[in-house]
Every structure is written in structure tokens, then in C-alpha cells.
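Chain by chain, the residues run as shown.
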Amino acid sequence: RFLWKIIGHWALFSSQGLEIPNTKAEPSVEAATELLPGETVVKEGKAAILFPSANEVFYNPVQEFNRDLTCAVITEFARELLVQRGVKLVVPGEEDRVVVSLGEEEVEEEKKEEEEEEEEEKNGADEPALTATVGEKCEGLRVLEGLAASGLRSVRFALEVPGLQSITANDFSAKAAALIARNAMYNGVSHLIQASCKDASMLMYEMRGKKQRYDVIDLDPYGSPATFLDAAVQAVSDGGLLCVTCTDMAVMAGNSGETCYSKYGSVSIKSKYCHEMALRIILHSLDQRAGVYQRYIQPLLSISADFYIRVFVRVFTGQATVKNSASKQALVYNCTGCGSFYLQRMGRRTSNGRHGTRSTSCKAQVFVKVDVIKTASLLLQLGGPLWAEAIHDLTFVQKVLSALSANPGRFGTSKRIEGVLSMVTEELEDVPFYYTLDSLSSSIRCNTPPMLQFRSALLHAGYKVSLSHACKNAIKTDAPPATMWDIMRCWEKIHPVKREKLSNTSPSFRILSKEPSLEACFTVREDANPQSRRRHLTRFQENPQAFWGPKARAKAGGGISDNLQDKRKKFQNKRKNQITESSELKKFPCKKFRKGTCTYGDQCSYSHDSSPPIQTGPGRFSAGGALLEE
């Protein structure tokens, strides 16, 4: 055991200070590596990770979908970037491509594309194109995982993503850094992975030089990534990929708007579209911090899944484009009565002749549009600023989806990735936020209309409509709020509510008191049912196990904090275990005795201590610190 500790430390120092000349992956040393007492092996994807018995590093198996999606996105990003250098990626499983359930037109188009590619290869450069395989070190991407923990994500990059030059797996914990080096040796990828034990922000600040920047930076912290964003937008190369995860959804979804503003520079509000709002808040924060250094972002993919959000953005440098940043941000006004929302851009693009376009300030006209309820007693919640442009690059998403369909056995969560990305390709690009059917029907106290009938009514009215991957019963449409409520009024006439039970001052009464200006048609149309729903793809996964969700945080000096379930048992369900023995009740002071109205005797089971109470604030407290009254 002592010998293997020495080997682990040697691997850490050698990966930090020495350059290993090997360019190809060596055979795995798994058979030659003995497990330490109490150590376990966790397998995910093609990686096998060693975990100590003391749980000295953080690991969450629920995030497998996150890691699988990241490997798929980085692979396509590397394919696009390296093809310009004449390098072709070879992904295991893609050479045995079998296309199933395609129409005749699509098959003919694929054959034409293959013939064109063959002609281009024949008529191309004199030198044959270079190939990059998985596990091979080449002149490709330089990757940084800022918060690596056990190094699972970095090991999976090395074993599953081709076209990599180096991977820096960093963690502030010395125990985690040593484990990263040992896991790299265990999986035979020490020639690609360099273990680092530094503060993630300081490491990125040190690599701000143009020749030192990373092509891919992955940040997956426990909670908020706000403290790392400033360094990240500087340390990523021009056109590089920045992958960010946020698990502080309580802050970003409206439970604490002031905390959200302090971290991300945007106010979040409680609403049905809070998960998409969280995506647009983090994109706004990234663009704002990048703009300080004359850089701007281009979102490739933005996902809200489970208890976190994940964004993939490219970062570019360009002073002229940064000037248009204000026109990409917007404020949101949310009606507290009916839930309608209105967006107001922070700026607008104007033509500047031969100098291109620029962004100027806008005048707020949102209050003129608020005519659904027409009352001064209901207020508008103000949220933002937030990202108001498209949050996905549908061309890039389609490439990831096509590669996944061609190689479905590559990831363990391939079916879910296919379902989520299929929904992403169906979303309306230029329509921020969405309504939910349950909130619309709840506002007027009527039955909830079926999804297909409501979507058909919008299509019959001439508007576009789509679902959203962020919410199961979402309605994303370009129809104005007045049209949405007209359709709901028509639905209420078919399924009337008891208006005598509605208050005259309630939003539902005021909405229904107005006659609809259009006649909604609820006949179901074929195009109302999207392909992802028609094919029964795995779009919204059920919880796989009990107490499923975020795990306990890793301590700074190593080790895992107390189990979350133990904390729930300790601090919750107090009223279910009430004290019944009189001996236990003697520990609590008698309030009637303090007021001088209690009679002594066995009938009273509380304490009659005559010591004076301690005054510590607006309330009165007993000598033991128990609150007596406010």
C-alpha cells in the first residue's frame, strides 16, 4: 500500500513537470494495478475509475447524461475545427454505420453526399488527410477540466473523444489530484492527462496568453460557476468551446432574485418558464463578462435537465460585434395576475452604412401592450436582463444528433440524448419562454385543454407553435398573450366554469368578462403532433431511484460532507416525533408561569425555573435561550 502511494505521487509530479514523449496510448495497466484496501472501481462509458473507501472526492452517477452529452458535443466540435487542418476524426462505431428507417429521398441524398465527398477526396490535396483516433495524442485540442474531482470526465475524454493534444485535469484538493493521476495510469491515458492541483481561477488566469489558451474548458462545479466565469472567458481560445454547468437552480429559478443578481448580474423571477430563464441568465452573464475583454459568445447548445442546466458556447474576439451586445439582451415583464410575459430589448440594431450595424438604446413600450386584464391593482414583475437571442445552433445540434443516430451504442444514455436533442431541433428559435397548459387553465379556473387541441388552435389561427425540452407541457409560440387568452375564452365556452364563484376582482373574472376577438378551432391537425412526440422518444426521464438528485458536497481538504439523508432525518419531521414524557417536557419553560398565571402542581409538566429571561432582541427569551414571545 505504501509503494502504491509513492507511485501515485510520482505520477502526479511527473504529469505536472515532465513532458512524456509517447504519442500513442499504451496498453491499459488495469491488470497490473492492485486495489487498495476498501477501494472500489466505478465504470462509466469506457472509463474505470478508482474510488477510495473514505469517499475523499465527489462523484454523482446521475450526471452520466451530462458527461455523455459533453463527449458528443466535443467530438463534433473537434470534427469541425480539425477538418480545417486536414485532420479526419475516427470514432469507434461510426465505421460500421447502418442507416435504418429513412425515406427514399433521404437515402438518395446521403448517396449523393457520399459521392461528392469521394470526388472531393480524389480531387483534393496531393497529401492524404491525417487521421486522429481515440487515445492518440495529436496536434489537436487542448482541454481543461477545471474541477475534475476523481478525473472521470477527463478519462472519458481521453478514451472516447479523438483529436486531442492534451487534457489538464485540475482540482484544488491534493487527494483528488493524486487520485486523478492514479486513474490516468489505471486507464492507460497518462500520455494525454496531466493532473494539476491549483485553484481553477488562478490556473485559467495564468493561461490567458493567446498561445497558451485552451481550446475547450469544462466547468462543472458544485453549485454556482459564477466565480470561474471571468477567468474562463479569457482562458478559452478564439473560437474555443466553453462548457458550463449550473446546479444552483433555486437561485436561478426565482427563489432568491437578489442572490441571482449578485452572482450573474440578472434578477430571476418565479414563473412557469423559470428553467429556460435560467439558461438565458447564464448566457447573459457569459456574454457580459466576455464583453469586458472585447469578446462575445455564440451558443451551440443550452440544456435544462433534471436539477441543473448545461450550456455549450463558443467564444470569439471582435470589437465590432461586441457593440451589438445590448441588442441581444432584454428585460422581461411578468404579469402577477394572469402570468403573461412581455420582453423589452435593451437595444436595437441600426444600420451604420459601410461600418455595419450598431446597437442603440430602446424606449420601453411594454406597458402599452398590457391589455389582457386592464387593471392598475395588478403589478408587473421585472426580471433580467437576460439573453434574448437563440440559445441553440440548430445546424450544430443536427450534426450531433446525426452522429448519435449513426452510432447509437456509443453512450449509455443515447436514447435520452436523442430525445432531448430532437426536441431542441423542434423548438422555435426566435421565441423566448413559453406558457404551460396547467397555468393557463388555472388562471381562469377551467379544465386543462389537451395538448394537441390547443396546439391545433394556434396553428389554425396562423401562428407557429412548438414544445420545449425544459418543460413537459410547455407551449412555445409567437402568438401574443391576447391571442392565447382568446383561445382560452373559447375553450371555456365549451367547458364553462361557475362564474358565480369567481371574485369580481380576480384575474379569472376579468379575463372571462371580455369576449374573444377570434373563433378558435380545436380540430386536431396532423402537424400539431411533433416528430419527437410521435416517435415516443425518451424526452423527460423519470427518477431512476429514491432520493435521486444532487449529492453531498466534497470538503475543501478532502472527504465528503454528511449524507443529505442524515441531515433530513435530523432537521425534518420534528412534529412527527413529539415529546410525550413529562420528564422531557421539564426541559422547556412554562409560559403561564412567566406571566404569573400558572398554578403549581403535577398537572403542569413544564419547567418553573425562576431565573430571569435573557433579552436578546425584539422577542423575550428564557435563561436557556428558548423563545417565549415576540
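Residues numbered from 1 in each chain as written. Predicted model: local features only at pLDDT ≥ 70, side-chain atom pairs only at ≥ 80, totals over all residues. Heavy atoms only, no water.

**Some words on the overall build of the chain**
Assigned secondary structure in the chain consists of 22 helices and 22 strands. By residue count, 48% of the 630 residues in the chain fall in the buried class. Taking as baseline every contact in the chain between residues at least 6 positions apart, the subset at least 24 positions apart corresponds to 68%. With the model as given, the accessible surface of the chain reaches about 32600 Å², and the carbon-plus-sulfur share is 51%. (Helix = DSSP H or I, 4+ residues; strand = E, 2+ residues; numbered from the N terminus. Buried < 20%, exposed > 50% of the residue type's maximum accessible area, 1.4 Å probe, protein only. Contact = heavy atoms within 4.5 Å. Areas by Shrake-Rupley, 256 points an atom, 1.4 Å probe, with all protein chains shown as cover.)

**What about the state of the cysteines?**
Scanning all chains against the criterion turns up zero disulfides. For the unlinked cysteine Cys471, the closest cysteine sulfur is that of Cys274, found at 8.3 Å. (Disulfide = S-S within 2.5 Å.)

**What about the sheet that holds strand β17 (residues 435-436)?**
In space, the three strands of this open sheet follow the order β17-β19-β18, with antiparallel pairing throughout. Edge positions in the sheet fall to β17 and β18 (465-468), since each of these pairs with one other strand and no more. Pairing geometry for β17 and strand β19 (residues 471-477), over two bridges, is antiparallel. Counted as the bridge partner of Tyr435 is Ile475 from β19. Sheet strands in contact with helix α16 (residues 451-460) are β18 and β19, and its direction is about 10° off that of β19. (Pairing = 2+ DSSP bridges. Axes fitted to C-alpha atoms, helices over the stretch in contact; angles between N-to-C directions.)

**So, the packing of helix α7 (residues 226-235) against helix α10 (residues 274-291)**
Look at α7 against α10: their axes get within 9 Å of each other, and the N-to-C directions meet at 45°. Judged by the inter-axis angle, α7 sits oblique to α10. Here α7 and α10 pass one another in a crossing that is right-handed. Residues Ala226, Leu229, Asp230 and Val233 of α7 lie in contact with α10, whose contacting residues are Ile282, Ser285, Leu286, Arg289 and Ala290. In terms of residue class, the contact of α7 with α10 is built from six nonpolar, one polar and two charged. (Parallel < 35°, antiparallel > 145°, perpendicular 65-115°, else oblique. Left-handed = near helix turned anticlockwise from the far one by under 90°. Nonpolar A, V, L, I, M, F, W, Y, C, P; charged D, E, K, R; others polar.)

**Remarks on the side chain of Arg156**
Along the chain, Arg156 falls in helix α4 (residues 152-160). With relative accessibility at 0%, the residue Arg156 sits in the buried group. One polar contact links Arg156 to Asp68, side chain to side chain, over a distance of 2.4 Å. Each residue touching Arg156, except ones within four places of it in the same chain, is listed here: Glu44, Gly45, Ala47, Glu64, Arg67, Asp68, Cys71, Val161 and Phe411. (Polar contact = N/O pair within 3.5 Å; in protein donor to acceptor, adjacent residues only side chain to side chain.)

**A look at the environment of Phe341**
As for its position among the elements, Phe341 is in strand β13 (residues 341-345). Residue classification places Phe341 among the buried residues on the basis of a relative accessible area of 12%. Each C-alpha atom of the pair Phe341 and Leu382 lies 9.9 Å from the other, and the pair is 41 residues apart in sequence. Dropping the residues within four chain positions of it, Phe341 is found in contact with Tyr273, Val332, Tyr333, Asn334, Pro432, Phe433, Tyr434, Tyr435 and Pro481.

**Remarks on the pairing of β19**
With five of seven residues buried, β19 is to be regarded as a mostly interior element. In this structure, β18 lies alongside β19, joined through three bridges in antiparallel fashion. Residue pairing in the sheet places Ser466 in a bridge with Lys476 of β19. Between β18 and the antiparallel strand that follows it, β19, lie two residues.

**Section: helix α5 (residues 174-186)**
Along its 13 residues, α5 runs 18 Å from first to last C-alpha, staying within 8% of the 18 Å computed at 1.5 Å per residue. Taking burial as the measure, the 13 residues of α5 include 10 buried ones, the bulk of the element. Residues of α5 that are buried include every one of Ala176, Ala177, Ala178, Leu179, Ile180, Ala181, Arg182, Asn183, Ala184 and Tyr186, and no others. Two residues or fewer after α5 comes Gly188, characterised by a positive phi angle close to 70°. (Expected span 1.5 Å × (residues − 1).)

**Quick word on the pattern of salt bridges**
This model, assessed by the stated rule, comprises 22 salt bridges. For Arg156, the salt bridge identified is with Glu160, shortest N-O distance 2.9 Å. Remark: Glu160 and Arg156 occur in helix α4; sequence separation between them is four residues, near one turn of the helix. Since its relative accessible area comes to 4%, Glu160 is described here as buried. Between Asp486 and Arg489 there is a salt bridge; the shortest N-O distance is 2.6 Å. Here Asp486 pairs with Arg489, and both are found in helix α17 (residues 481-494), just three residues apart, close to one helical turn. (Salt bridge = Lys/Arg side-chain N within 4 Å of Asp/Glu carboxyl O.)

**With respect to helix α13 (residues 394-406)**
Given a rise of 1.5 Å per residue, 13 residues ought to cover 18 Å, and the 18 Å separating the end C-alpha atoms of α13 matches this to within 8%. Considered for burial, the residues of α13 that qualify are Phe396, Val397, Val400, Leu401, Ala403, Leu404 and Ala406. Packed against the buried residues of α13 are α2 (64-83), β10 (295-305) and α14 (414-426).

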